[in-house]
Amino acid sequence: EVQLVESGGGLVQLGGSLRLSCAASGFTFSGYAMSWVRQASGKGPEWISAINRFGNSTSYADSVKGRFTISRDNDRNTLFLRMNSLKHEDTAAYYCASDCRTTGDTVRCTYWGRGTQVTVSS
């Protein structure tokens, strides 16, 4: 059974930091590129970051570049997202997912977690 379980979300102060984790099981984690995707209330999914299988190549959406850092620990089957300088527009449900592809306004991935809510307050 494939599972992706996010954790670490919560209420955080404007300008603060938060670290999200995603525990993977039921598949060969090290064989998949991984991504973080978020969805704000009333809006569609937004791909924000990806990391390759080896963890030596990363990419970011312009909205989070310079503030967020994606990483992974293949020995522990875990994906991470470090979020710094948080803004109100970062408020969203955050999902970890595997092998994501974005075309237009659509984000397609092989596996999805259930998500963890991040809320930025002033």
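Report on the accompanying structure. (Residues numbered from 1 in each chain as written. Predicted model: local features only at pLDDT ≥ 70, side-chain atom pairs only at ≥ 80, totals over all residues. Heavy atoms only, no water.)

### With respect to the environment of Leu-4
At step 1: Take Leu-4: it is sitting in strand S1 (residues 3-7).
At step 2: In this structure, Leu-4 is in contact with Cys-22, Ala-23, Ala-24, Phe-27, Met-34, Cys-96, Ala-97, Tyr-111, Trp-112, Gly-113 and Arg-114, ignoring residues within four places of it in sequence. (Helix = DSSP H or I, 4+ residues; strand = E, 2+ residues; numbered from the N terminus. Contact = heavy atoms within 4.5 Å.)

### Points about the packing of aromatic side chains
At step 1: Considering all chains together, one arrives at five aromatic pairs under this definition.
At step 2: Between Phe-27 and Phe-29 the ring centres are 6.4 Å apart and the planes differ by 65°, which places this aromatic pair in the edge-to-face class. Across the pair, exposure class does not vary: Phe-27 and Phe-29 are buried alike.
At step 3: Between Tyr-32 and Tyr-111 the ring centres are 5.9 Å apart and the planes differ by 50°, which places this aromatic pair in the tilted class. Of this pair, Tyr-32 sits in the loop between strand S3 (18-25) and strand S4 (34-39) while Tyr-111 sits in the loop between strand S11 (106-108) and strand S12 (116-121), and the two are 79 residues apart along the sequence. (Phe/Tyr/Trp six-rings, centres within 6.5 Å; stacked < 30°, edge-to-face > 60°. Buried < 20%, exposed > 50% of the residue type's maximum accessible area, 1.4 Å probe, protein only.)

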